[in-house]
Amino acid sequence: MKTRARTAERLPENATSFQVVPEVMDDTQKLQYRLAQHDALSVCSDSSLELALEQLDIQESHLKALPYPMRKKQALRKQLRASTGRNVSNWVALKQRQYRIQKQLQEGISDFSRIFRLWRVSLDDIEGSFGPGIQSYFTFLRFLLLVNFLAVLLIASFILLPITISQGVNPFPHSPSTASECMNYSTVIGPRSAWRRLQDIFTGEGTLEHSYLFYGAYNVKQYQTNHYNVHLAYLLSILGYLFVCFIWIFQRIVANFVHVQILQWEFKPCVSARIFSEWDFCIQSPEAARLKQKTIYNGLKIDLAEETRRLQNQQRTRKQLAQLYLLRLVINSVILLLMAAAFYFIHLATEISQGYNQHYVSRLGVLSQYLPPMTISIANVLLPFLFHFLVQLENYSPNTKVNITLVRCVILNLSSLGMFLFFLGHKVLCVGSSSAVQCRPCGYNQLYQCWETHIGQEMYKMTIFSFLTTLASAFLISLPRRLLAKHSSSALAQWLGKEEFLVPHNVLDIVAGQTVIWIGIFFCPLLPLLGCVSIFLTFYVKKYTLFQNCQPSTQLFRASHSKFLFQIMLLLGLFLACSPLSYVITRVSPSHACGLFRNYSSPWEAVPVAVSHLSPTAQLVLNYAASNGFCFSLLMLLSIILTVYISQAQANKQVIERLKKQRVLCIQEKWCVVRKLAHLMVKSQ
């Protein structure tokens, strides 16, 4: 839209005569006419390089639309590109060639990347059968798989591989200033039964505790001859990965925000245009034809449902609006009470769990260690179903229902996870109770000699339990419900029926799981690898549940609204993960008995120590980059750039509005001409 608006503003006056193509022409005459139009525009736009490139792109798109054989199209394209060299400067011709080469390269890369698009056929099947809203969830799963795979590549390249091939894989010497009671962390693994080894898979203890899965196993001695700083690589690779995730998510938010804005402008194609122009005549197989029919059908259902709801909203009286707002107020009050009750029970369960971890481990075993994720999962499973039921009474549109349910579930899930992290930090890191007896010798709770590994084990157990919950939901809830509805004729079975695939509930689960992975990546560096396996299997489990155990949703919604909110939720999860990580990296004393940073007062101290070994010039540059003056200058520069973009967006919006008014005036003029012509015809008779 912006490009067309700028093009319309820059069209020269003597090129306006070429804007209307005669209606009665064959294809050859049309192409010759467009070539002549292109030549005239090239002459007029010798001083405007961008206009020439845009016109070339438009002409090639016209050529693709002609019903010609491929060989004839190639010959006509050569003729079109040859015509761009006439009556233009050498500079414009050179830029046009560069533009064509760049465009061909981009198209080639795009076509080549389609080969490696994961789950492309499955996503098409899901879109055709259940609509784009359900497909957006599975597309979101694919995005999270790529995010975790990026973390695996970074950690394997910059941390795991250098440590593996390093010759100094020896523990650090004990620091002379460290108290002896802070060094009671043994790496010796005694004989364990088969049942105990099976439990270790779910708890992260035993052999897994002393493997590269957790922070405590990364004990590397830095020799003077070794120029690779593993400490700095460990810290910066994780921080760099989180920064890349922020940029990636923010870019997707901006891209989806554009689609949301377009839909808010009520830019909707005509129903007849969708019926007569959306069919793909290259389809040959009956399966693909049926899939395309379902896709068009679902799109038309969404359009008609939105139009019906818009008409109903316009016909509401003031009394009906007052009753509706009062009902929404009561429902929101009930939801707040439910959330408060859930927070209280999570707080109580976390306190009890931490007590059990110290006193009743031998009696309860694995159950005591899984009590926090079990409590959080129960709250996050039950309350979203209540939210989904209550939102049906609030009489929102399908898109708004999905978004409001997502917001409520996000507040519940992230708050419960944040509460668990706070109480875990209070117990392990002595947050708010540094004067306690067990916290004085080491600066953290001395019962946890390698507290980073302990927190990593908690994140590991939450990731495992999240995947087990997905399996249990698919095969212990959805499958029996489908079998009961299919083979039983009782009233209860018919009332339950096959469940609908609830997008808010499923998105909430994977966002919470990804947040746990981001929090645990510092304490459990290979946790993203476990996340990749979990997401990969989750895709097929959810696909099986969708096609076999679920029925199509009675209310369809647009994917663009949901994708935008999905990314917002993921960004909130990233902020929640960065808050405790920034505190741990900058403020908390590392474990004295294990890990890379055992000889530092905080993990961030590795950065100034590494900078101190650089040349004076490099130190001066880095110190200036970290100074307040540089940060203020950078902030001012970003503010100016933001102001320029906002001004450009406002100007483009004004041009678009002006073009809309101009279109309305043109339509009115045409109707005026039609009425005059009809009047003259009546007079002539």
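Please refer to the structure placed before this passage.
Residues numbered from 1 in each chain as written. Predicted model: local features only at pLDDT ≥ 70, side-chain atom pairs only at ≥ 80, totals over all residues. Heavy atoms only, no water.

(A) Seen up close, the overall build of the chain. Counting its secondary structure elements, the chain contains 24 helices and two strands. Going through the 685 residues of the chain one by one, you find that 40% of them count as buried. Taking as baseline every contact in the chain between residues at least 6 positions apart, the subset at least 24 positions apart corresponds to 77%. Summed over all atoms, the accessible surface of the chain reaches about 38700 Å², with 64% contributed by carbon and sulfur. (Helix = DSSP H or I, 4+ residues; strand = E, 2+ residues; numbered from the N terminus. Buried < 20%, exposed > 50% of the residue type's maximum accessible area, 1.4 Å probe, protein only. Contact = heavy atoms within 4.5 Å. Areas by Shrake-Rupley, 256 points an atom, 1.4 Å probe, with all protein chains shown as cover.)

(B) Region of the structure containing the state of the cysteines. Summed over the entire model, instances satisfying the criterion amount to one disulfide. Summary of cysteine pairing: cysteine 245 is not part of a disulfide, and the nearest cysteine sulfur, belonging to cysteine 578, is at 8.9 Å. Residue classification places cysteine 245 among the buried residues on the basis of a relative accessible area of 2%. (Disulfide = S-S within 2.5 Å.)

(C) Focus on the nonpolar core. Judged by nonpolar contacts, the single largest core of 102 residues is most densely connected at Phe138, Trp451, Trp518 and Phe522. With 14 residues, the top contributor of residues to this core is helix H7 (residues 132-165). Residue contacts for tryptophan 518: discarding those within four places in its chain leaves Val147, Tyr241, Leu242, Cys245, Ile249, Leu570, Gly573, Leu574, Ala577 and Leu581. (Core = buried A, V, L, I, M, F, W, Y, C linked by side-chain atoms within 4.5 Å.)

(D) Summary view of the packing of helix H17 (residues 451-487) against helix H19 (residues 503-520). Packing of H17 against H19 leaves a shortest axis separation of 9 Å and a crossing angle of 160 degrees. Here H17 is positioned roughly antiparallel relative to H19, judged by the angle of their axes. The crossing of H17 and H19 is left-handed. Packed against H17, whose contacting residues are Met459, Met462, Thr463 and Ser466, the element H19 presents Asp509, Val516, Ile517, Ile519 and Gly520 at the interface. For the contact of H17 with H19, the per-class residue count stands at five nonpolar, three polar and one charged. (Axes fitted to C-alpha atoms, helices over the stretch in contact; angles between N-to-C directions. Parallel < 35°, antiparallel > 145°, perpendicular 65-115°, else oblique. Left-handed = near helix turned anticlockwise from the far one by under 90°. Nonpolar A, V, L, I, M, F, W, Y, C, P; charged D, E, K, R; others polar.)

(E) Examining empty space enclosed by the protein more closely. With the rule as written, the count across this model stands at four cavities of 30 Å³ or more. If you add up the space inside the largest cavity, you get close to 190 Å³. If you list the elements that add at least two residues to the lining of the largest cavity, you get H7, H17, H19 and helix H20 (527-549). Within the lining of the largest cavity, the residues separate by chemical class into six nonpolar, nine polar and two charged. (1 Å grid on protein atoms, 1.4 Å probe; cavity = no way out; pocket = protein on both sides within 12 Å on 5 of 7 lines; lining within 4 Å. Points joined across faces, edges and corners; volume = space filled by probe spheres on them.)

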